[in-house]
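If you want the building blocks of each chain, they are given just below.
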Amino acid sequence: MQKVTVRVPGSTSNLGPGFDCLGIALRIHNSVTVTRARSRQSHPRIVLETADGFFKQTGRRAFPFSYSIMEQVPRCRGLGGSATVRLGILLALNRLSGDLLHRLAVFRVCAELEGHPDNAAPASFGGFTVVGSQRGGPTVQRFNVSSRVYFVLLVPDLEIQTKPARAILPSKISWIEAVENCANACVTTAAFASQHYEKLRGAFSDHLHQPFRSKLIPFLPRVIAAAEKAGALGTFLSGSGSTIAAVTLHRPQKIAAVMLAAARASARTIITHADNHGAQTFNH
Ligand code: HSE
């Protein structure tokens, strides 16, 4: 086999209180095609690092390849774009090498390269994912998300790099705030797992990252307030931003319109659902 395409879903992560552990795959995708080549090609850093990670993990001799990406996931907007690229390259090289690694091992390489696991997990496995940090490497539990649930995404023109958006976070938060975050992350997971979506109301509130990242996205509080007033079950910063995601069972167009109006910034909206499949690999 010489050529492989991997279709990888973008994702929303953190879901408010679930910093670095909760994520949901979305029906917006990047398709990464990798072809064996005769000679070494020049690649951007993200692709080189990822290929190095794969060949190091498998202990196989590196082979040259070319690649292309059909891109639907907005870049640098907190929608897991870099995880789609890394996972696409990893799964394609894995298939071209005869599937040396199983899916969990590929996910772990991707999460390590990303520096956080909460986009790599939904991109790999689809649906709602919870990543645990057990010794021996991160573990993943997943379940499907109903297609009754709409995700309304406000995608500002503003690009945010994850690294500086992590650097502004404090090294400590108060005990009472930590307790509230734990409770909210558990409520969010239980509400999605049981499909008792009304229980999501109020559960997306967070003390770990959103208050600090509002400095980068000053319209975050007013977009959250507007979406929730218009009937959204809850609204949160997607990953490290700049996308703001609302969850609703009804009237997604109306919620998209009020989010856009409240932002008073150049932005677009996407209305989508969860992707319950995760990355899919196709041989040519
Ligand atoms: N959990 C990561 C963060 C996601 O918030 O920094 C990055 O999109």
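Bear in mind the structure is a predicted one, so any value in this text is a computation, not a measurement.

Peer 1: Tell me about the packing of aromatic side chains, and name the residues and values.
Peer 2: For the structure on display, the rule yields 7 aromatic pairs. Summarising the aromatic geometry, the rings of phenylalanine 192 and tyrosine 197 are spaced 5.8 Å apart at their centres and angled 75° between planes, so their arrangement reads as edge-to-face. The buried category is assigned to tyrosine 197, whose relative accessible area is 2%. Site record: aromatic cluster; members linked through ring pairs are Phe128, Phe143, Phe192 and Tyr197.

Peer 1: So what about unusual backbone geometry? Which residues, and what values?
Peer 2: With an omega dihedral of 10°, the bond running from glycine 241 to serine 242 counts as a cis peptide bond. Inspection of the secondary structure puts serine 242 in the loop between strand 7 (234-237) and strand 8 (244-248). A positive phi is found at leucine 15, a non-glycine position, where the angle reads about 50°. Locating leucine 15 in the fold gives a position in the loop between strand 1 (3-13) and strand 2 (22-36).

Peer 1: Got a sec to walk through the environment of serine 82? Specific residues and values, please.
Peer 2: As for its position among the elements, serine 82 is in helix 2 (residues 81-96). On the basis of relative accessibility, which here comes to 31%, the residue serine 82 falls in the partly exposed class. In this structure the C-alpha to C-alpha distance between serine 82 and valine 187, which are 105 residues apart in sequence, comes to 28 Å.

Peer 1: Lay out the pattern of salt bridges with the relevant residues and their values.
Peer 2: Per the counting criterion, the structure on display carries 7 salt bridges. For glutamate 49, the salt bridge goes to arginine 86, with nearest N and O atoms at 3.1 Å. Remark: arginine 86 occurs in helix 2 and glutamate 49 occurs in helix 1 (residues 45-58); sequence separation between them is 37 residues. Note that arginine 77 is salt-bridged to glutamate 159, the shortest N-O span being 3.8 Å. Of this pair, arginine 77 sits in the loop between strand 3 (65-71) and helix 2 while glutamate 159 is found in the loop between strand 6 (150-156) and helix 5 (162-167), placing the two residues 82 residues apart along the sequence. Arginine 77 gets classed as buried once you look at its relative accessible area, which sits at 11%. Salt bridges here are not isolated pairs; linked through shared partners, they connect Glu49, Arg86 and Glu114.

Peer 1: Account for the packing of helix 2 against helix 3 (residues 103-114), naming residues and giving values.
Peer 2: Helix 3 packs onto helix 2 with a crossing angle of 140° between their chain directions and a minimal axis gap of 10 Å. Taken together, the axes of helix 2 and helix 3 lie oblique to each other. Crossing hand, helix 2 versus helix 3: right-handed. For the pair helix 2 and helix 3, the contacting residues are Ser82, Ala83, Arg86, Leu87, Leu90, Leu91 and Asn94 in the first and Arg103, Val106, Val109, Cys110, Leu113 and Glu114 in the second. Across the contact of helix 2 with helix 3, the residue classes tally to 8 nonpolar, 2 polar and 3 charged.

Peer 1: With reference to specific residues and values, describe the site of the ligand.
Peer 2: Close to the ligand lie Ser13, Asn14, Phe19, Asp20, His116, Asp118, Asn119, Thr162, Arg166, Arg213, Gly239 and Ser240. The contact in question runs from an oxygen atom of the ligand to an N or O atom on the side chain of arginine 166, over 2.6 Å. At a separation of 3.3 Å, an oxygen atom of the ligand approaches a polar backbone atom of serine 240. The protein chains hide 98% of the 260 Å² of surface that the ligand would expose on its own. Taken together, the residues of the shell around the ligand break down into 1 nonpolar, 7 polar and 4 charged. Lining the shell around the ligand are residues from two domains, each supplying at least three of them: domain 1 (3-144 + 275-283) and domain 2 (150-272).

Each value, and the rule that gives it
Residues numbered from 1 in each chain as written. Predicted model: local features only at pLDDT ≥ 70, side-chain atom pairs only at ≥ 80, totals over all residues. Heavy atoms only, no water. Phe/Tyr/Trp six-rings, centres within 6.5 Å; stacked < 30°, edge-to-face > 60°. Buried < 20%, exposed > 50% of the residue type's maximum accessible area, 1.4 Å probe, protein only. Helix = DSSP H or I, 4+ residues; strand = E, 2+ residues; numbered from the N terminus. Salt bridge = Lys/Arg side-chain N within 4 Å of Asp/Glu carboxyl O. Axes fitted to C-alpha atoms, helices over the stretch in contact; angles between N-to-C directions. Parallel < 35°, antiparallel > 145°, perpendicular 65-115°, else oblique. Left-handed = near helix turned anticlockwise from the far one by under 90°. Contact = heavy atoms within 4.5 Å. Nonpolar A, V, L, I, M, F, W, Y, C, P; charged D, E, K, R; others polar. Near = heavy atom within 4 Å. Polar contact = N/O pair within 3.5 Å; in protein donor to acceptor, adjacent residues only side chain to side chain. Areas by Shrake-Rupley, 256 points an atom, 1.4 Å probe, with all protein chains shown as cover. Domains from an automatic or database assignment.

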